[in-house]
Every structure is written in structure tokens, then in C-alpha cells.
Amino acid sequence: DWLVCTALVSKDGQPTLTPRGPDIVMLFVPTSAVHFRDTWFTVGLRGTGSNHFRVDERFVPEELAVRKARMAKAPPSRASRGYPIGYFDFGPFSTAPVALGIARDALDTFHETAHAKTPASGTQTLAANHVVQERFARAEIAVYATRLLLYDAARQIVAAAAEGGDALSALIRLASASLAESTTEAVEATYTLAGTTSLYATSRLERCFRDVHAVTKHIALSYTHFETVGDYLMNDDLVMRR
């Protein structure tokens, strides 16, 4: 029934800047006030239907608006509060598990494929190939390790609660960016090892390949976190992006 518009605050036609980037406000509007555009023609995650939408000349009252600075802090303590951290710290936990799930699917699918497939001109299944075994083991431990990393970040969030601060935010971003790299590499390994099987649209590995490359484009999993967190670790100034 409701959508959230991420809007840039502007003055005299120019975006308003803060010490930590553009001034952003989240505006809650009813779906009846928006015009959807059929734009979601993508490499992966095609089933999500994440189309663009347009809102024309709509007044949004203050009580239905949230400023970027407020979203960086934990929501007020109340019975209905779902989590004690800011929006930007919570964001990765809505996207990172998707990448993990895709990687897990790719590994499980390849395990089944490797036992069923004997490559052309070969005499043994993929599962008996020593190179396949070694690379599959590396992919398995990479996904396992990155899952532990995400769980540990979540554990630290629970322990810190509303007192998180920039140090915890930096950890979450590093864990998210590292997870994006590890899950993508694991999926790519299974896609490659399966040979021509993964080329077809009927292959789950083909879909995993597309989907993992789509979900890791989200800002919450962006490789740019390595740079911005590195700057924070060196100079104690944490920004979302330069």
C-alpha cells in the first residue's frame, strides 16, 4: 500500500550537500500516487519486478518523511521496534543473505551435476576429477567462512544495540563487501566447472550466475566499501561513498 521514495534535497536546482554526502530524505507515499514504469529488464533477479516509478507534484507531510541523518541512528525504543540499529547498518542484512542463498544453491546444484555428468570424451564423472574436487572445496569453505563473518557481524550488532557507532558500521560494510566477492567467486567457480551444462537457460547454474551478479550490484554489498572503510580506518571519517 505504501512506497518509499529516496529523494535528493535540492536548493536552487542544485543538490544540497552535507559533510557526509548529498542530503537525502525518504518520503513515504501511497501506491495510488505513483506511476510505475516497466523498466526491469535485467541480467539477473528478473522475478523481483523492481521497476522504476514516478511521483508527480506530491506533497509529503513531515511525519511521513525521514532524513538521512536520522536513518543513520537506531529507531526510537518502542515495543514495535524490529532492530536496534540504523537503517544503513540494517540494509546489508536484507541483501547479503540473498547472495549467500544463491551461492549455496550453486554449490548444491553443482554437487548433483558433478556426479551425473561425464564430460565429452571423458571416462569419469566431474566428481572424480581432482581439479574439480580442489576448486569445489575452496568454494565451499569460502561460502562457509563468509557466512560465519556475516553471523559474527550480526552478533556484534545485537551486543552493541543502539550504541553501535562508526566502528560497527565499518565492520558491517567490510563484511558485506567481502561476502559479495566470496559468493560471486564461488558461483563463478561452479558455473565454469560445469562446462557447457551451465550455458543453457534451463540450468540452475546459469540462473545463479546471473542472479549473484545482480544482487551484488546493490550499494549495501558494493566493493566501494573497501575504499571508504579503509579511509575510516586510516583517518577516522566514515562516508557512504565519495
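Just above sits the structure.
Nothing here was measured: the structure is a model prediction, and the numbers come from that model. (Residues numbered from 1 in each chain as written. Predicted model: local features only at pLDDT ≥ 70, side-chain atom pairs only at ≥ 80, totals over all residues. Heavy atoms only, no water.)

**Student:** Mind laying out the nonpolar core, listing which residues take part and the relevant values?
**Tutor:** Formed by 27 residues in total, the largest nonpolar core has its most connected members in Ile102, Phe110, Val143, Leu179 and Val187. Secondary-structure elements contributing two or more residues to this core are helix H3 (92-116), helix H4 (130-160), helix H5 (165-193) and helix H6 (204-215). By residue number, the principal contributor to this core is H3, which donates nine residues. Discounting residues that sit within four places of it in the chain, Val187 has contacts with Ile102, Ala103, Ala106, Cys208, Phe209 and Val212. (Core = buried A, V, L, I, M, F, W, Y, C linked by side-chain atoms within 4.5 Å. Buried < 20%, exposed > 50% of the residue type's maximum accessible area, 1.4 Å probe, protein only. Helix = DSSP H or I, 4+ residues; strand = E, 2+ residues; numbered from the N terminus. Contact = heavy atoms within 4.5 Å.)

**Student:** Provide a residue-level description of the sheet that holds strand E6 (residues 24-30), including the pertinent values.
**Tutor:** The strand order across the open sheet formed by three strands is E1-E6-E9, and the pairing between neighbours is antiparallel. In this open sheet, the two edge strands, each paired with only one partner strand, are strand E1 (2-8) and strand E9 (65-67). Recorded for the sheet is a direction-independent mean angle of 20° between the axes of neighbouring strands. Where E6 lies against E9, three bridges are found, and the strand directions are antiparallel. (Pairing = 2+ DSSP bridges. Axes fitted to C-alpha atoms, helices over the stretch in contact; angles between N-to-C directions.)

**Student:** Can you tell me about unusual backbone geometry, naming the residues and giving the values?
**Tutor:** In this structure, Asp12 is a non-glycine residue whose phi angle is positive, near 55°. By the secondary structure assignment, Asp12 is in the loop between strand E2 (10-11) and strand E3 (14-15). Exposure remark for Asp12: the relative accessible area of 75% places this residue in the exposed category. At Leu45, a residue that is not glycine, the phi angle is positive and equals roughly 55°. By the element assignment, Leu45 lies in the loop between strand E7 (34-37) and strand E8 (52-55).

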